[in-house]
Amino acid sequence: MKKLFVVPLSVAFAVLSLSAAQAGNVENGKKLFESPTFGGGTSGKTCASCHTDGAKLGADLFEREKHMIMGKEVASVADTVNVCIEMALKGKAIKTDSDEMKDVLAYMQALVKEEKE
Ligand code: HEC
């Protein structure tokens, strides 16, 4: 009888570790969000300096068709992040398809989701 549980358990474990890998992205995103050197930042500020707990991040941030920042229209949320990297962190825009960008977007998605709940 015991053996019957072994297989489902290992499947459950595999599924759990998969979602843990995704959560890892969010975690790394949080680290970057709180790092003054993200994007080569030189101002000593971090994203979290201004956006603690998702402050100034609209709850609908990832659902908009148009993305505006500082009165300028940009193509995507990633480009918005790059504007803040350049203007606020005084760093350099990073590649919009880089792992770092994906991690930060994943973390911000988690932040705005919390805001909604
Ligand atoms: C000095 C303060 C400051 C810092 C540091 C900062 N931001 Fe911002 N951010 C702002 C302000 C102010 C706005 C709103 C600008 C506007 O009105 O268009 C904004 C807007 C945004 C938006 C768009 C939000 C929305 O709902 O439209 C995103 C995304 C964003 N920031 C991400 C980041 C990320 C990621 C970092 C770190 C790389 C960062 N910001 C660092 C001040 C800051």
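What counts as what
- Residues numbered from 1 in each chain as written.
- Predicted model: local features only at pLDDT ≥ 70, side-chain atom pairs only at ≥ 80, totals over all residues.
- Helix = DSSP H or I, 4+ residues; strand = E, 2+ residues; numbered from the N terminus.
- Buried ≥ 20, exposed ≤ 12 C-beta atoms within 10 Å, placed from the backbone.
- Near = placed C-beta within 6 Å.
- Nonpolar A, V, L, I, M, F, W, Y, C, P; charged D, E, K, R; others polar.
- Expected span 1.5 Å × (residues − 1).
- Core = buried A, V, L, I, M, F, W, Y, C linked by C-beta atoms within 7 Å.
- Contact = placed C-beta atoms within 7 Å.
- pLDDT = per-residue confidence, 0-100.

Novice: Go over the overall build of the protein with me, naming the residues and quoting the values.
Specialist: Helices and strands together make up the secondary structure of the protein, namely 4 helices and 2 strands. Each helix and strand of the protein, ordered N terminal to C terminal, gives the series α-α-β-β-α-α. The proportion of buried residues among the 117 residues of the protein is 19%.

Novice: Please provide a residue-by-residue account of the site of the ligand, values included.
Specialist: Close contacts around the ligand come from 21 residues, with Cys 47, Cys 50, Gly 58, Cys 84 and Ala 88 the closest. Residues of the shell around the ligand, tallied by class, amount to 14 nonpolar, 5 polar and 2 charged.

Novice: A description of helix α4 (residues 99–116) should follow, citing residues and the corresponding values.
Specialist: Helix length check: α4, at 18 residues, gives a terminal C-alpha distance of 26 Å against a target of 26 Å (1.5 Å per residue), a fit within 8%. Within α4, the full set of buried residues consists of Met 101, Asp 103, Val 104, Leu 105, Tyr 107, Met 108 and Leu 111.

Novice: Help me get a handle on the environment of Lys 92, residues and values and all.
Specialist: Among the structural elements, Lys 92 can be located in the loop between α3 (77–87) and α4. A sequence separation of 10 residues divides Lys 92 from Asn 82, and the C-alpha atoms of the two residues are 7.6 Å apart.

Novice: With reference to specific residues and values, describe the nonpolar core.
Specialist: In terms of nonpolar packing, the biggest core is built from 15 residues, with Phe 33, Val 81, Cys 84, Val 104, Leu 105, Tyr 107 and Met 108 touching the most fellow members. Sorting the residues of this core by element identifies α1 (2–33), α3 and α4 as the ones contributing at least two each. A total of 6 residues in this core trace back to one element, the largest contributor, which is α4. Beyond its immediate stretch of four places on either side in the chain, Leu 105 contacts Val 77 and Ala 78.

Novice: Describe α3, with residues and values.
Specialist: The set of residues buried in α3 consists of Val 77, Thr 80, Val 81, Asn 82, Cys 84 and Ile 85. Elements that come into contact with the buried residues of α3 comprise α2 (47–51), β1 (67–69), β2 (72–74) and α4.

Novice: Can you tell me about the confidence of the model for the protein, naming the residues and giving the values?
Specialist: Across the protein, pLDDT averages 87, with 79% of residues at or above 70. When pLDDT is averaged over each helix and strand of the protein, the minimum, 67, is found for α1 and the maximum, 98, for α2. Counting contacts from residues 20–24, a segment whose pLDDT is below 50, to residues more than four positions away or on other chains yields 0 contacts.

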